[in-house]
Amino acid sequence: MKVTILGATGLLGKALLREWSGDEIVGLSSRDADIRDADKVREVINEARPDWIVLAAAYTDVDGCETHQDLAFSVNRDGALNVAKAASEAGARLLFLSSDYVFDGKKTSPYETADARNPQSVYGYSKAEAELRLLEVLPQCCIARTSWLFGVGGKCFPDTILKLAATRPVLDVVNDQVGCPTYSVDLARAITQLCRKYARGIVHVTNTGHCSWFGFAREIVRGAGLATEVRPVTSQQMARPAPRPAYSVLSRASLNQWGITMPQWQDALQRYLRERIS
Ligand SMILES: NC(=O)c1ccc[n+]([C@@H]2O[C@H](COP(=O)([O-])OP(=O)(O)OC[C@H]3O[C@@H](n4cnc5c(N)ncnc54)[C@H](OP(=O)(O)O)[C@@H]3O)[C@@H](O)[C@H]2O)c1
């Protein structure tokens, strides 16, 4: 298979380049092709003639999206649409990365793929609108929603916690947001399998299990053998520009239907901690 990865310099993109073997992979950054530039996108896709395009490129600064709304929609929605149109013209399949933030977080049981979108943040809106437009332009595309992504080679929650824990005796972390941590390596492997199985439709791809950010931080500090105390606080005490869903656990039933299972997040975290120090 020939595969073009847009967003290859990001956290997931780097893992995809490392993990994907046996196929012909081309990885592109925003310098190679800014997805807001429809002509450029068409040009690189026509040149590469891929069987699959993995669209991992996005403006992912959730709080930044609140103040830079035009940028959020031009990259995350309009840019994605440019890629979908180019894929359609070139006869390529498209796997688009979306987010748990398309949901409002008001459920108390895992979100299924057919649950209603009701984003609470600009980032979430930009992803939710992208999903809807993509399904119009390319009904057979695959939308892989993931959450709480972490891995080596980029900014992520465990990295931030480890840096803070190295210098502070106490860390306050929110305990009223619950979700599924997802290791970039495991997500990359699942994406590879989804492409090989010619998956289509919406699929939820996260590590197994769930926790709060506090629970995640406590496990990170413990796993790294640090003595830092981690204290639970509320979202209100740690106000951020973008609202986050209180509960955004994604059901993996859709992924299991493709015959794919994911490791537990605690196991993934241990592998991340080993990878980070190696
Ligand atoms: N991180 C999470 O917790 C999380 C959760 C749910 C879903 N997701 C989704 O998963 C995907 C991968 O996330 P990530 O954390 O790997 O992202 P990331 O580390 O922030 O990387 C973003 C990537 O997008 C590229 N990019 C940004 N603007 C672009 C533009 N205008 N044109 C072309 N490329 C552009 C960047 O290229 P340059 O390096 O050239 O700027 C970079 O390769 C994204 O779609 C994200 O929305 C992430």
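Just above, that's the structure.
First things first, this report covers the structure right here in the doc. This structure is a prediction, so every number in the text was calculated from the model and none was measured. (Residues numbered from 1 in each chain as written. Predicted model: local features only at pLDDT ≥ 70, side-chain atom pairs only at ≥ 80, totals over all residues. Heavy atoms only, no water.)

### Focus: helix 7 (residues 184-196)
Owing to its 3.6 residues per turn, the α-helix brings residues three or four apart onto one side.
Part 1 of the reasoning: Compared with an ideal rise of 1.5 Å per residue, which puts 13 residues at 18 Å, helix 7 spans 18 Å between its outermost C-alpha atoms and is within 8% of the ideal.
Part 2 of the reasoning: The element helix 7 is extensively covered by neighbouring structure, given that 10 of its 13 residues are classed as buried.
Part 3 of the reasoning: The set of residues buried in helix 7 consists of S184, V185, D186, L187, A188, A190, I191, T192, L194 and C195.
Part 4 of the reasoning: Directly beyond the C-terminal end of helix 7, a positive phi value near 55° is found at Y198. (Helix = DSSP H or I, 4+ residues; strand = E, 2+ residues; numbered from the N terminus. Expected span 1.5 Å × (residues − 1). Buried < 20%, exposed > 50% of the residue type's maximum accessible area, 1.4 Å probe, protein only.)

### Side note on the site of the ligand
Part 1 of the reasoning: The full set close to the ligand counts 26 residues, and T9, L12, S30, T60 and Y123 are the nearest of them.
Part 2 of the reasoning: A distance of 2.8 Å separates an oxygen atom of the ligand from a polar atom in the backbone of L12.
Part 3 of the reasoning: Protein contacts shield 79% of the accessible area of the ligand, which totals 900 Å² for the unbound molecule.
Part 4 of the reasoning: Per element, the largest residue contribution to the shell around the ligand is 3 residues, and it comes from strand 4 (residues 93-99).
Part 5 of the reasoning: Considered class by class, the residues forming the shell around the ligand number 13 nonpolar, 10 polar and 3 charged. (Near = heavy atom within 4 Å. Polar contact = N/O pair within 3.5 Å; in protein donor to acceptor, adjacent residues only side chain to side chain. Areas by Shrake-Rupley, 256 points an atom, 1.4 Å probe, with all protein chains shown as cover. Nonpolar A, V, L, I, M, F, W, Y, C, P; charged D, E, K, R; others polar.)

### Details of the pairing of strand 3 (residues 52-55)
Part 1 of the reasoning: Neither face of strand 3 is exposed, since W52 and V54 on one face and I53 and L55 on the opposite face are all buried.
Part 2 of the reasoning: As paired strands, strand 1 (residues 2-6) and strand 3 are joined by 4 bridges and run parallel to one another. The partner of I5 across the bridge, within strand 3, is V54.
Part 3 of the reasoning: Of the pairings in the sheet, the one linking strand 3 to strand 4 comprises 4 bridges and is parallel in character. When the bridges of strand 4 are listed, V54 appears paired with L95. (Pairing = 2+ DSSP bridges.)

### Observations regarding the packing of helix 6 (residues 157-165) against helix 10 (residues 265-277)
Part 1 of the reasoning: The N-to-C vectors of helix 6 and helix 10 enclose an angle of 65°; their axes lie 12 Å apart at closest approach. Remark: the crossing between helix 6 and helix 10 carries right-handed chirality. Contacts between helix 6 and helix 10 involve P158, D159, L162 and K163 from the former and Y272, L273 and R276 from the latter.
Part 2 of the reasoning: The residue makeup of the contact of helix 6 with helix 10, split by class, is 4 nonpolar, no polar and 3 charged. (Axes fitted to C-alpha atoms, helices over the stretch in contact; angles between N-to-C directions. Left-handed = near helix turned anticlockwise from the far one by under 90°. Contact = heavy atoms within 4.5 Å.)

### A closer look at the sheet that holds strand 1
Part 1 of the reasoning: An order of 2-1-3-4-5-10 is seen for the 6 strands of this open sheet, with the pairing classed as parallel. The sheet is open, and its two edges are formed by strand 2 (24-28) and strand 10 (201-204), each paired on a single side. Strand-to-strand twist of the sheet, defined as the mean angle between neighbouring strand axes without regard to direction, takes the value 20°.
Part 2 of the reasoning: For strand 1 and strand 2, the ladder comprises 5 bridges, and the chain directions are parallel. Bridge assignment links V3 to a residue of strand 2, and that residue is I25.
Part 3 of the reasoning: Along the sheet, helix 1 (residues 11-19) makes contact with strand 1, strand 2, strand 3 and strand 4, crossing strand 1 at roughly 155°.

### Topic: the pattern of salt bridges
Part 1 of the reasoning: Across all of its chains, the model carries 21 salt bridges by this definition.
Part 2 of the reasoning: The partner of R117 in a salt bridge is E131, and the shortest N-O contact between them spans 2.6 Å. Of the two residues, R117 sits in the loop between strand 4 and helix 5 (122-137) while E131 sits in helix 5, which places them 14 residues apart along the sequence.
Part 3 of the reasoning: Look at R117 and you get partly exposed, because its relative accessible area is 26%.
Part 4 of the reasoning: One salt-bridge network, held together by shared partners, links D39, R42 and E89. (Salt bridge = Lys/Arg side-chain N within 4 Å of Asp/Glu carboxyl O.)

### Section: the environment of R77
Part 1 of the reasoning: Counting through the fold element by element, R77 comes out in helix 4 (residues 69-90).
Part 2 of the reasoning: C-alpha of R77 to C-alpha of L16: the two residues are 61 residues apart in sequence and 22 Å apart in space.
Part 3 of the reasoning: Contact partners of R77, with chain neighbours within four places excluded, come to A72, S126, E129, A130 and R133.

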